[in-house]
Amino acid sequence: MRTTKRSLQKMRDNEEKISVLTCYDASFAVLLENSGIDILLVGDSLGNVLQGEDTTLSVTLDDMAYHTRCVTRGSSKAFIMVDMPFGTSQISPENTFENAAELMAAGASMVKIEGGRIMAETIRFLTQRGIPVCAHIGLMPQSVHQLGGYKVQGKTHYLAKQLLDDAVILEKAGAGMLLMEAVPATLAKKITKTLVIPTIGIGAGADCSAQVLVLYDMLGIYSGKKSMFIKNFMVGAASVNEAIENYVKEVKSGKFPGLEHIF
Ligand code: KIV
């Protein structure tokens, strides 16, 4: 039986940490879920790691639907979260629903949408019509040009308050989960304690309900500068399987992320 939104909520309520990794194909889907990963995130980071682009902006809905079908074929237990790529959730709630419906038909259990309170109306529209949504705040890679680079968000008192307010508004709008990327650990903790829904952190400290990393990053496959919040789990592991199993163990026990991985 596949993990459900309800079972993830139960894990959060029981303070059991949730493990998440990005996944883009059937072979890794088998390996990841056999290693105990709870959520497979078909991330638009596939634009970077599979397609070699500098940003995620050129990833299409067809790309996401294709990789969702690949991951779905390889998995039978994990919850499958899928990113709505740039340009597919910004026009109108109706247009977003049509796009999200394609991803749900491809196998998604939930879609993920980048954006703060501006997305509340869209999230309400989708969730009231049967499409579960994870809201993504903090560093939003699809807004890299607007944000002026891949930078930590919510560092001032004012900006932290804005993010906290966004989180509350998005939960009220119906978001079933909230992902926070590159925000100070103290802020992520405050948001996690304020919300009822599970939070997922990447570069957001150890107090989120769940942790996610890009699969290629945690396997040590990256070019250029390594972000501070990444841990290479291949170090000290004899195989890819062992690296993934160690990731699951460290997320579940709260060992990852450590103090060296937080802002
Ligand atoms: O696309 C992706 O991999 C993501 C993670 C960075 C959370 O959204």
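Use the structure listed above.
What you see is a predicted model, and the numbers here were worked out from it, not measured in a lab.

Draft legend 1. Quick peek at the overall build of the protein. For the protein, the helix and strand inventory stands at 11 helices and eight strands. Here the C-alpha atoms of the protein give a radius of gyration of 17 Å, agreeing with the 18 Å that 2.2 N^0.38 yields for 263 residues. Expressed along its principal axes, the backbone C-alpha trace of the protein runs to roughly 50 × 40 × 40 Å. A fraction of 63% describes how many contacts in the protein between residues 6 or more apart in sequence connect residues 24 or more apart.

Draft legend 2. Here's a closer look at the site of the ligand. As a structural note, the neighbourhood of the ligand is formed by Thr22, Leu41, Gly43, Asp44, Ser45, Asp83, Lys112, His136, Leu179, Glu181, Ile202 and Val214. Contact between the ligand and Asp44: an oxygen atom at 3.1 Å from a side-chain N or O atom of the residue. Between the ligand and Ser45 there is a distance of 2.6 Å, counted from an oxygen atom to a side-chain nitrogen or oxygen. Coverage of the ligand by the protein chains reaches 95% of its 260 Å² of free accessible surface. For the shell around the ligand, the class distribution of residues is four nonpolar, four polar and four charged.

Draft legend 3. Layout of the sheet that holds strand β2 (residues 39-42). Here eight strands make up a closed barrel; going around it, the order is β1-β2-β3-β4-β5-β6-β7-β8 and the pairing parallel. Direction aside, neighbouring strands of the sheet carry axes that sit 25° apart on average. Bridge count for strand β1 (residues 18-22) against strand β8 (residues 210-213) is four bridges, and the pairing is parallel. Bridge pairing links Val20 to Val212 in β8.

Draft legend 4. The arrangement of the environment of Lys189 in detail. Relative to the helices and strands, Lys189 is located in helix α9 (residues 185-194). Along the sequence, Lys189 and Pro93 sit 96 residues apart, while their C-alpha atoms lie 30 Å from each other.

Draft legend 5. Up close: the packing of helix α2 (residues 26-34) against helix α4 (residues 61-74). At a minimum axis distance of 7 Å, the contact between α2 and α4 shows a crossing angle of 45°. As summarised for this structure, α2 and α4 are arranged oblique, according to the angle between their axes. Of the two elements, α2 crosses α4, and the hand of that crossing is right-handed. Residues Ala26, Ala29, Val30 and Glu33 of α2 touch α4, and the partners they reach there are Cys70, Val71 and Gly74.

Draft legend 6. Representation of the pairing of β2 within the structure. Burial along β2 is two-sided: the residues Ile39 and Leu41 and Leu40 and Val42 are all buried. You can see the chain leave β1, run along α2 and come back into β2, and the turn it takes is right-handed. Of the pairings in the sheet, the one linking β2 to strand β3 (residues 79-83) comprises four bridges and is parallel in character. Paired with Leu41 across the two strands is Met81, which belongs to β3.

Draft legend 7. Representation of the pairing of strand β6 (residues 177-181). With five of its five residues buried, β6 lies for the most part within the structure. By the alternation rule, side chains of β6 split into Met177, Leu179 and Glu181 and Leu178 and Met180, which are all buried. In terms of strand pairing, β6 meets strand β7 (residues 199-202) through four bridges, oriented parallel. When the bridges of β7 are listed, Met180 appears paired with Gly201. Handedness of the crossover is the feature at issue here: the chain leaves β6, passes through α9, returns alongside β7, and the resulting connection is right-handed.

Draft legend 8. Fine view of the environment of Ile200. Counting through the fold element by element, Ile200 comes out in strand β7. Taking the relative accessible area as the measure of exposure, Ile200 reaches 0% and is therefore buried. On a C-alpha basis, the gap between Ile200 and Gln142 in space is 18 Å, while along the polypeptide they are 58 residues apart. With residues up to four places along the chain from it excluded, the contact list for Ile200 reads Val20, Met81, Cys134, Met177, Leu178, Leu179, Met180, Cys208, Ala210, Gln211 and Val212.

Draft legend 9. Molecular detail of unusual backbone geometry. Phe256 connects to Pro257 through a cis peptide bond whose omega is 0°. If you trace the backbone, Pro257 turns up in the segment after α11 (240-253). For Glu15, which is not a glycine, the phi torsion comes out positive at approximately 60°. Within the element layout of this structure, Glu15 appears in the loop between α1 (5-13) and β1. Its identity is not glycine, yet Ala182 carries a phi of approximately 50°, on the positive side. The class of Ala182 is buried, set by a relative accessible area of 2%.

Draft legend 10. Fine view of α9. Of all the positions in α9, only Ala185, Leu187, Ala188, Ile191 and Thr192 are classed as buried. The buried side chains of α9 occupy one side of the element, clustering within an arc of 160° when seen end-on. Every exposed residue of α9 that faces more than 90 degrees away from the buried side is listed here: Thr186 and Lys193.

Calculation notes
- Residues numbered from 1 in each chain as written.
- Predicted model: local features only at pLDDT ≥ 70, side-chain atom pairs only at ≥ 80, totals over all residues.
- Heavy atoms only, no water.
- Helix = DSSP H or I, 4+ residues; strand = E, 2+ residues; numbered from the N terminus.
- Rg over C-alpha atoms; globule rule 2.2 N^0.38 Å.
- Contact = heavy atoms within 4.5 Å.
- Near = heavy atom within 4 Å.
- Polar contact = N/O pair within 3.5 Å; in protein donor to acceptor, adjacent residues only side chain to side chain.
- Areas by Shrake-Rupley, 256 points an atom, 1.4 Å probe, with all protein chains shown as cover.
- Nonpolar A, V, L, I, M, F, W, Y, C, P; charged D, E, K, R; others polar.
- Pairing = 2+ DSSP bridges.
- Axes fitted to C-alpha atoms, helices over the stretch in contact; angles between N-to-C directions.
- Parallel < 35°, antiparallel > 145°, perpendicular 65-115°, else oblique.
- Left-handed = near helix turned anticlockwise from the far one by under 90°.
- Buried < 20%, exposed > 50% of the residue type's maximum accessible area, 1.4 Å probe, protein only.
- Right-handed = clockwise from strand over helix to strand, strands pointing away.
- Arc of directions from axis to C-beta.

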